[in-house]
Structures are given as C-alpha cells and as structure tokens.
Amino acid sequence: MKLNFIISGCIFMAALSSNYTAFSQTKKVTKTVVKTTTVHKMTVNPQEIAQGKALIASLDCMGCHNVQNKMVGPAYMDVAKKYPMTTANINTLSQKIIAGGSGNWGPVAMSPHPALTSPDAKKMVKYILSLNVKKG
Ligand code: HEC
C-alpha cells in the first residue's frame, strides 16, 4: 500500500515536470517571433541588386529620377528612406513601376512600363531600397 502510494506520487511528479518543460518551451518560441517581427530583417541577393541597377540604367528611369536629387520623380534615396526593405513594399512598388501613377509624392504621374516583367521590376525596387541599407 505504501509502495503503491510512492509509485503514483512519482508518476504525478513526472507528469508535472513534463508539463512544465512544455510550458517553458512555448514561452521561448513566442519571444523569438516577437523579435523577428520588430527587426524586419530581410536578406536580398546582391546579384539581384546589381541586376536591378543595370536594368534601371538601361531604361528611361533616369530621365525622371536621380539617386540624390528630386527631379520629375522623387530621388531614389528618398524612396529608400520612405520604404524599408520588406516583401510588401517590394510588391507594391514593383507594381507601381509597371502600372505608373501618382499620389504618393505629388500630383505628377510616373509613366507606366507595361513591357517590364514583375521579377525585373522587383530587382529594380531592391536596388532602390538597398540605397538606404547601411553597409557592413
Ligand atoms: C515620366 C517620368 C518618370 C519615369 C520615366 C519614371 N518615373 Fe518613377 N516616378 C515618377 C514620378 C512623378 C513619381 C511619383 C509618383 C507618385 O507621386 O506616386 C515616381 C515614383 C517612383 C517610385 C516610388 C513610387 C511610390 O509609390 O512611392 C519608384 C520606386 C519609381 N518611381 C521607380 C521608377 C523606375 C524604376 C523607373 C524606370 C523603369 C521609373 N521610375 C521611371 C516619374 C517617373
């Protein structure tokens, strides 16, 4: 009878401690997720940035844009300061380059570029947004 009590006591303790382990693991996972959301870290392939830069040089973009100074369109450096490098921003801006339009910087519209493919437009956006990413 006494032995029985000790054994069931041990099982109870084991159940308790395994529950506790599960609880502390959940806590750790939650912390990691919060940190990742705040930091907004995004890895971009440097090759895509170089291809984006070359594409911009080969098209009409520099007729209206300059890296440092506002011309017909905003300076690329100002675009990079306004939009951090996130997937959502890369999607929105690449669609805007293809469709054209106005409203985010003023009443003047950017001409549409319907011949551009979405992957190429995204590479150009990655180059532009990389201008505000600190090196090193
Ligand atoms: C006819 C002039 C013109 C040309 C050519 C042009 N842009 Fe623009 N661009 C503008 C104007 C004007 C704006 C501001 C639009 C606004 O206020 O929403 C702009 C805005 C942008 C923005 C920011 C969009 C936003 O919603 O904040 C990006 C990125 C951009 N241009 C990239 C490009 C690229 C890449 C090319 C070449 C494929 C290009 N532009 C060609 C005039 C031009």
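As a reminder, the structure under discussion sits directly above these lines.
What counts and what doesn't
Residues numbered from 1 in each chain as written. Predicted model: local features only at pLDDT ≥ 70, side-chain atom pairs only at ≥ 80, totals over all residues. Heavy atoms only, no water. Helix = DSSP H or I, 4+ residues; strand = E, 2+ residues; numbered from the N terminus. Expected span 1.5 Å × (residues − 1). Buried < 20%, exposed > 50% of the residue type's maximum accessible area, 1.4 Å probe, protein only. Arc of directions from axis to C-beta. Contact = heavy atoms within 4.5 Å. Polar contact = N/O pair within 3.5 Å; in protein donor to acceptor, adjacent residues only side chain to side chain. Near = heavy atom within 4 Å. Nonpolar A, V, L, I, M, F, W, Y, C, P; charged D, E, K, R; others polar. Phe/Tyr/Trp six-rings, centres within 6.5 Å; stacked < 30°, edge-to-face > 60°. Lys NZ or Arg CZ within 6 Å of the ring centre and 35° of its normal. Core = buried A, V, L, I, M, F, W, Y, C linked by side-chain atoms within 4.5 Å.

Trainee: So what exactly am I meant to see when it comes to helix 2 (residues 46-58) here?
Mentor: Three or four residues apart is the spacing at which side chains of an α-helix point the same way, because the helix has 3.6 residues per turn. The end-to-end C-alpha distance of helix 2 is 19 Å, a good match for the 18 Å that 13 residues give at a rise of 1.5 Å each. For helix 2, every residue scored as buried is listed here: Gly52, Leu55 and Ile56. The buried residues of helix 2 occupy an angular sector of 100° when the element is viewed end-on, so they sit on one face. Helix 2 presents Pro46, Gln47, Ala57 and Ser58 as exposed residues on the side facing more than 90 degrees away from its buried surface. Packed against the buried residues of helix 2 are helix 3 (76-82) and helix 5 (118-130). Near the N-terminus of helix 2, the side chain that reaches the backbone nitrogen of Gln47, with its oxygen 2.9 Å away, is that of Asn45.

Trainee: Can you walk me through the site of the ligand in this structure?
Mentor: Around the ligand sit 24 residues in total, of which Cys61, Cys64, His65, Tyr83 and Met110 are the nearest. At a separation of 2.6 Å, an oxygen atom of the ligand approaches a polar side-chain atom of Lys96. For the shell around the ligand, the element with the highest residue contribution is helix 4 (residues 87-99), accounting for three residues. Its residues assigned to classes, the shell around the ligand shows 13 nonpolar, nine polar and two charged.

Trainee: Help me understand the side chain of His113 in this model?
Mentor: Along the polypeptide, His113 turns up in the loop between helix 4 and helix 5. A polar atom in the side chain of His113 sits 3.1 Å from the backbone oxygen of Ser111. Dropping the residues within four chain positions of it, His113 is found in contact with Asp60, Ile97 and Ile98.

Trainee: Explanation requested: the packing of aromatic side chains in the structure shown.
Mentor: For any pair of aromatic rings, geometry is given as the distance between the ring centres together with the angle between the planes. Applying the stated rule across the entire model yields zero aromatic pairs. A cation over an aromatic ring shows up here: Lys82 above the ring of Trp105, its NZ or CZ 4.5 Å from the ring centre.

Trainee: I'm lost on the nonpolar core in this one. Help?
Mentor: Among soluble globular proteins, nonpolar side chains are generally buried collectively. In terms of nonpolar packing, the biggest core is built from 18 residues, with Ile56, Val79, Leu93, Met124, Val125, Ile128 and Leu129 touching the most fellow members. At the level of elements, helix 2, helix 3, helix 4 and helix 5 are the ones that each hand at least two residues to this core. In terms of residue count, the dominant contributor to this core is helix 5 (six residues). In this structure Val125 touches Asn89, Ile90, Leu93, Ser94 and Ile97, once residues within four positions along its chain are discounted.

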